[in-house]
Every structure is written in structure tokens, then in C-alpha cells.
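Notes for the structure review
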Amino acid sequence: AALGLFLRGVGAGVVFGTIGFIGPYLFMQRKKRQRLEKINAEIGDCLTVMTNSLRAGYSLQQTMDLVSNEMSGPLAMEFKKTIREINFGTPTEKALINLAAHVESEDVDLMITAVLIQRQIGGNLAEILDNISHTIRERIRIKGEIKTLTAQGRISGLIIGLMPPAVFAILLVINPTYIQVLFESKTGFFIMLGGVISELFGVLVIKKIVNIEV
């Protein structure tokens, strides 16, 4: 904001300040989403390793330790944290619940839930994880198909969402007197308010249309 105010005046200060305020949040959300996508992409291989290890006679903790050592990526790091918690005295069930809460992935939550239920009522954990692995792989495949089919709608939503504020910001920087009337009159204020509400409503509707739960 200070840079924009120094270079181009109040209008640029408002634009730069808004970017500085919202930019870091959007950046962190993007990094979080990318990390979650990596975890979801790795969980199929993780379940395969766990299934084979359990069938070879490994315990659950040994299996988790094997995954953390043999695999790389964010999911392996999460398993290392879970093993560390267990070694420090945290009950296995509690450590697994912490893992699911920290990762915030539906696929990981499904895996942890199956493990917790098996530890309570018994059963063949290797077979359970094998079935979950097939389910998760099918979900990933269907999500990929849905993402391809809804690509046009998502791009349309992105353009609709970004174009009006981008044009407004450009005009505010290069020619602030052109839109000054929107700030000085009551009619201009209500026009801006209506535009913002319509903009948000349109973005939410498009997001709702293309967001298909699997």
C-alpha cells in the first residue's frame, strides 16, 4: 500500500494494499491445495505397500514405519510424525486420529477409519486396505474425468471472477478520476455494492455447478 501510494497516489495504494492483504492468503491456500493433491496421489501406492507388508507379517506400526522410510513426499512425512508420536507414548488410535485431522484428506480419513474399526472389531486388515485401495483409485479416476469435463466451466468462472476487479484496479491506477464518481456519490456506492454482490453470487453459482462430489 505504501509503495502504491508513493508511486501513483491513493488509487494505486488501495489496489496494492488489497493485493498485499489477499495475496498471501491465496498463495497459502494454493500451496495447501497442491500438498493435498500430492497426498491423494500417493495414497494408492501407500496402501499397496501397507497391504503387502501386513500380508508379510508386519505389525501396523512396523508397516507405517516402512511406508515412512520407503516412500517420499508429504504423506511419508505425515507417517513419520505419527510414528514419532507413538514412540513418545501417544496411543496408536489417538496418533492416527491426529494424522487424519492434520492431513484433512477424505481418502486418508477413509483409510484411518478402516484401521480404527479393524482394531476394535478385528478382521483381515490387509484385505480391508486392499479393498479401500481399489475404491480410492476409482475415485481418483472419476475425479480426473470430472475435472476434464468441467474445465470449461471452471475457466469461465475464473474469468468472470477476475475480469471486473482487474479492470477496476487498472482504471483505479491509470485514471482514478474516471471512476471517482463511484466513491463520491450515493448512487455510485450502490452501483458498486450491487456489482460486488452480483459478482460474488455469479462466482458461487458457477462454483456450485462445477463442484461435483465423488
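Above this text sits the structure in question.
Residues numbered from 1 in each chain as written. Predicted model: local features only at pLDDT ≥ 70, side-chain atom pairs only at ≥ 80, totals over all residues. Heavy atoms only, no water.

**Notes on the packing of helix α3 (residues 60-70) against helix α4 (residues 74-87)**
Note the cut-off: Lines are fitted to the C-alpha atoms to define the axes, a helix being fitted only along its stretch in contact, and any angle between axes, read from their N-to-C directions, falls within 0 to 180 degrees. Helix and strand labels come from DSSP, where a helix needs a run of H or I of at least four residues and a strand needs a run of E of at least two; each type is numbered from the N terminus. When describing relative orientation, an angle under 35 degrees is termed roughly parallel and one over 145 degrees roughly antiparallel, while 65 to 115 degrees is termed roughly perpendicular and anything else oblique. Throughout, a crossing is termed right-handed when the near helix is turned clockwise from the far one, and left-handed when it is turned anticlockwise from it by less than a right angle. Between two residues, a contact is recorded if the distance between any of their heavy atoms is within 4.5 Å.
With their axes 8 Å apart at the nearest point, α3 and α4 run at an angle of 140° to one another. It follows from the interaxial angle that α3 and α4 lie oblique. Between α3 and α4 lies a crossing whose hand is left-handed. When α3 is examined against α4, the residues Q61, M64, D65, V67 and S68 are found in contact with a partner set consisting of A76, F79, K80, T82, I83, I86 and N87.

**With respect to the nonpolar core**
Quick reminder of the rule: Nine residue types can take part in a nonpolar core, namely buried Ala, Val, Leu, Ile, Met, Phe, Trp, Tyr and Cys, and a core is a set of them joined through side-chain atoms within 4.5 Å. Think of it in three bands: with a 1.4 Å probe and only protein chains considered, a residue is buried below 20% of the maximum accessible area for its type, exposed above 50%, and partly exposed in between.
The biggest cluster of nonpolar side chains holds 31 residues, and the ones touching the most others in it are M50, F79, V108, M111, I112 and L129. Mapped onto this core, the elements with two or more residues apiece are α2 (10-55), α3, α4, α5 (92-103), α6 (106-121) and α7 (125-149). In this view, M50 contacts L60, T63, V67, F79, M111 and L129; residues no more than four positions away in its chain are not counted. By size, the runner-up hydrophobic cluster in this structure holds 5 residues, among which are V15, L172, I179 and L182.

**What about helix α10 (residues 186-210)?**
Short version of the rule: Multiplying one less than the number of residues by 1.5 Å gives the expected span of a helix.
With 25 residues, α10 extends 37 Å from end C-alpha to end C-alpha; this agrees with the ideal 36 Å at 1.5 Å per step. Of the residues making up α10, those classed as buried are G188, E199, I206 and V210. Buried residues in α10 make contact with α8 (151-174) and α9 (181-184).

**Topic: α7**
Rules: By the criterion applied in these results, polar contacts are pairs of N or O atoms within 3.5 Å in which, for protein atoms, one can donate a hydrogen and the other can accept it, and in which residues neighboring in sequence qualify only through two side-chain atoms.
A rise of 1.5 Å per residue sets the reference length of α7, with its 25 residues, at 36 Å; its end C-alpha atoms lie 36 Å apart and thus fit the reference within 8%. Those residues of α7 that sit buried are L125, A126, L129, I132, S133, I136, R139 and I146. Capping the start of α7 is the job of one residue whose side-chain oxygen sits 3.2 Å from the backbone nitrogen of A126: N124.

Interpretation in functional terms is not warranted from these geometric data alone.
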